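Coordinates in review
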Amino acid sequence: MLDDEPDYRTTNDAGIPAPSDEHSLTAGPNGPSLLHDTYLLEKMAQFNRERIPERVVHAKGTGAHGFFEVTEDVTQWCSADFLSEVGERTPVFARFSTVAGELGSADTVRDPRGFALKFYTDEGNYDLVGNNTPVFFMRDPMKFADFIRSQKRLPETGLRSNDMQWDYWSLSPESAHQVTILMSDRGTPRSLRTMNGYGSHTFMWLNAHGDRFWVKYHFKTSQGIENFTASDAAEMTASDPDFHRRDLFDAIERGDAPEWRLEIQVMPFEDAAGYRFNPFDVTKVWPHSDYPPVEIGRLVLNHNPENHFAEVEQAAFTPANMVPGIGPSPDRMLLGRLQSYADAHRYRIGTNYQQLPINEPLTEVNSYGKDGAMRYVHNGARPVYAPNSYGGPNAELSGREPRWDVAAAEIGRSAYDAHAEDDDFGQAGSLVRDVMTETDRNHLVANIAGHLADGVSEEVLARTLEYWRQIDADLALEIGGRLGVGTGRSIADAA
């Protein structure tokens, strides 16, 4: 070995030179293995534990490093430091994922895609945890676990069930907008590089004067939207289950860095109360005619992970990570996620998951947190309580904390108050009639009919066709015709 070459001798996990990479310690050449072969025991024990629990949702994913660059002045709306100057760049890690599929599932199955970003800002980590769709299946977090279970596996067979999915969706009319997107070709993006990403929820921005605004994020792919048809997606599922992961890695490796431009919609704080839709309902979009998108920045992914497990599997995002100048809105789904995501990471990775390199902020952490499993950054002799007389960190009100008025109301369990044009099917119908091309609609009908023809019970089928009739009557007739169910105006009666 040359003097300047690194020492690649095998060691155990304590750094002690290993006795052999090939042979266990035995009682002679033909004798049994010995219990005091601690290197063998360490290797076997570590192997048994090398998997951490997979995510319940967003299990299969991939990711990349890059940066976000501000391209337009947004200080009139937001005082967040990383958005303070045109040209400022912030390091970012992005994780893309399927939602319902398990860790070993295929990349190109029909599913929403997670679009999670971690901005390593000078004021701490800002996590934006969204999807490739601007809406979601429900508006209340009480229904989230039930929804996910309906998309997973039956307890008796261990198999996924189209009947279970449509049973849930058809009993949850607020799902109509997202289901329409999912069953279109947008449910099978051709690549992660050729799909948009959205914050989906409504967020609050505060400027330096304390003025408040409601904001939605839209990351528009600069590569252009490309989707698979259902048959092309199925073919790719069979030929390369890791196609999206491979495509993103290879594109970055060859220097073809994917890019998205960030557009925002900004609603004045006072507009929310009287807006025609509930602006905090994540099953709704704000029409661009009401609040035109404004381009403010670009996201570039130009560096692949060096270790998939350390950087992609152990990456942990939570919408609770918001830097000064940015906050939540009264969106119930968002408020529910603020607690649940961090709790999932503490269970899956460990109490001190934010000390892992992929999750640790660039800024110094000055907290009173202490101890716990796998903690490796400690506070030395500093005080472990507040208030104290010995120079521990001190929290101060900054005036940049998000706030909104809560009208005097009786505590209870109720739906949102309806705004003038709130309903569950209207925006889904507009998507079908006003946005989709004839080809898009034909594919939508074929995708829905094919899905419904696979194991959906008669009762659920009838209710599902009525669900689609409320979205668009002509669309429901076409779906029913494909399935040989009904020819009249009331599909449900014919079924």
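**What about the overall build of the protein?**
Across its full length, the protein carries 13 helices and 10 strands. Compactness check: the protein gives a C-alpha radius of gyration of 26 Å against a globular reference of 23 Å for 495 residues, within 12% of the reference. Its C-alpha atoms put the protein at 85 × 65 × 50 Å along the principal axes. Residue pairs in contact within the protein that sit at least 24 positions apart in sequence constitute 73% of those at least 6 positions apart. Distance between charge centres in the protein, computed from 46 positive and 75 negative side chains, equals 3 Å.

**A look at helix α3 (residues 162-170)**
Where burial is concerned, most of α3 is hidden: 7 out of the 9 residues are buried. Of all the positions in α3, only Asn-162, Met-164, Gln-165, Trp-166, Tyr-168, Trp-169 and Ser-170 are classed as buried. Packed against the buried residues of α3 are α2 (144-151), α4 (176-183), α10 (438-452) and α11 (458-471). N-cap assignment for α3: the residue whose side-chain oxygen lies 3.3 Å from the backbone N of Asp-163 is Ser-161.

**Quick word on the packing of aromatic side chains**
Where two aromatic rings form a pair, the distance of their centres and the angle of their planes describe that pair. For the coordinates displayed, the defined rule picks out 28 aromatic pairs. For the pair Phe-82 and Tyr-126, a centre-to-centre distance of 5.8 Å together with 45° between the ring planes defines the contact as tilted. Residue Phe-82 is located in the loop between β1 (61-70) and β2 (89-98), and its partner Tyr-126 is located in strand β4 (residues 124-131); the two are separated by 44 residues in the primary sequence. The same class applies to Phe-82 as to Tyr-126, namely buried. Arranged with centres 5.6 Å apart and planes meeting at 65°, the rings of Tyr-275 and Tyr-291 form a pair that is edge-to-face. Linking Tyr-275 in the loop between β8 (259-268) and β9 (294-303) with Tyr-291 in the loop between β8 and β9, this pair joins segments that are 16 residues apart in sequence. As far as the burial class goes, Tyr-275 and Tyr-291 line up, both buried. By the ring-pair criterion, three or more aromatic residues cluster together here, those being Phe-136, Phe-137, Phe-144, Phe-147, Trp-166, Tyr-168, Trp-169, Phe-425, Tyr-467 and Trp-468.

**Considering the environment of Leu-40**
Among the structural elements, Leu-40 can be located in helix α1 (residues 38-48). When its relative accessible area of 23% is taken as the criterion, Leu-40 is described as partly exposed. With 20 residues separating them along the chain, Leu-40 and Ser-20 place their C-alpha atoms 9.4 Å apart.

**Some words on the pattern of salt bridges**
For the structure on display, the rule yields 28 salt bridges. A salt bridge links Arg-55 to Glu-313; the nearest nitrogen and oxygen atoms lie 4.0 Å apart. Placement of the pair is Arg-55 in the loop between α1 and β1 and Glu-313 in helix α7 (residues 308-313), with a sequence separation of 258 residues. Judged by its relative accessible area of 11%, Arg-55 falls in the buried class. Taking relative accessible area as the criterion, Glu-313 reaches 9% and is therefore assigned buried. Asp-240 serves as the salt-bridge partner of Arg-246, at 2.8 Å between the closest nitrogen and oxygen. By relative accessible area, Asp-240 is classed as buried at 13%.

**A word on the environment of Asp-423**
Checked against the element boundaries, Asp-423 lands in the loop between α8 (332-348) and α9 (426-435). The sequence separation of Asp-423 and Ile-264 amounts to 159 residues, and the corresponding C-alpha distance is 24 Å.

**Here's the deal with the packing of α3 against α11**
Closest axis-to-axis distance for the α3/α11 pair is 9 Å, and the angle between their directions is 45°. Between α3 and α11, the crossing angle belongs to the class labelled oblique. Pair α3 / α11 crosses with left-handed handedness. Contacts from Asp-163, Trp-166, Asp-167, Trp-169 and Ser-170 in α3 reach Val-460, Arg-463, Thr-464, Tyr-467 and Trp-468 in α11.

**Describing α10**
With 15 residues, α10 should reach 21 Å at 1.5 Å per residue; the first-to-last C-alpha distance of 21 Å fits that figure. Taken together, the buried positions of α10 are Leu-444, Val-445, Asn-447, Ile-448, Ala-449, His-451 and Leu-452. Here the buried face of α10 lies against α3, α4, α5 (230-239), α9, α11 and α12 (473-483).

**Quick word on the pairing of β8**
A large share of β8 lies buried, amounting to 7 of its 10 residues. Relative to β8, strand β7 (residues 212-221) runs antiparallel, the two being bridged by 9 bridges. Bridging across to β8, Phe-213 finds its partner in Pro-268. Where β8 meets β9, 6 bridges bridge the pair, whose relative direction is antiparallel. Its bridge partner being in β9, Arg-261 is matched across the sheet by Arg-298.

**What about the side chain of Asn-379?**
Position of Asn-379 among the secondary structure elements: in the loop between α8 and α9. Residues contacting Asn-379, with those up to four places away along its chain left out, are Ser-367 and Gly-369.

**Some thoughts on the environment of Phe-144**
Within the secondary structure layout, Phe-144 lies in helix α2. In sequence terms Phe-144 and Ile-52 are 92 residues apart; their C-alpha atoms lie 23 Å from each other. Once residues lying within four places of it in the same chain are set aside, the contact partners of Phe-144 are Val-57, Phe-136, Met-138 and Met-333.

**Let's talk about unusual backbone geometry**
Cis geometry marks the peptide bond from Ala-386 to Pro-387, where omega comes out at 0°. Structurally, Pro-387 is set in the loop between α8 and α9. The phi angle at Asp-371 is positive, at roughly 60°, despite the residue not being glycine. By relative accessible area, Asp-371 is classed as partly exposed at 39%. Here the phi dihedral of Met-374 falls at roughly 65°; this positive angle occurs in a residue that is not glycine.

Each value, and the rule that gives it
Residues numbered from 1 in each chain as written. Predicted model: local features only at pLDDT ≥ 70, side-chain atom pairs only at ≥ 80, totals over all residues. Heavy atoms only, no water. Helix = DSSP H or I, 4+ residues; strand = E, 2+ residues; numbered from the N terminus. Rg over C-alpha atoms; globule rule 2.2 N^0.38 Å. Contact = heavy atoms within 4.5 Å. Lys, Arg positive; Asp, Glu negative; His and termini not counted. Charge placed at Lys NZ, Arg CZ, Asp CG, Glu CD. Buried < 20%, exposed > 50% of the residue type's maximum accessible area, 1.4 Å probe, protein only. Polar contact = N/O pair within 3.5 Å; in protein donor to acceptor, adjacent residues only side chain to side chain. Phe/Tyr/Trp six-rings, centres within 6.5 Å; stacked < 30°, edge-to-face > 60°. Salt bridge = Lys/Arg side-chain N within 4 Å of Asp/Glu carboxyl O. Axes fitted to C-alpha atoms, helices over the stretch in contact; angles between N-to-C directions. Parallel < 35°, antiparallel > 145°, perpendicular 65-115°, else oblique. Left-handed = near helix turned anticlockwise from the far one by under 90°. Expected span 1.5 Å × (residues − 1). Pairing = 2+ DSSP bridges.

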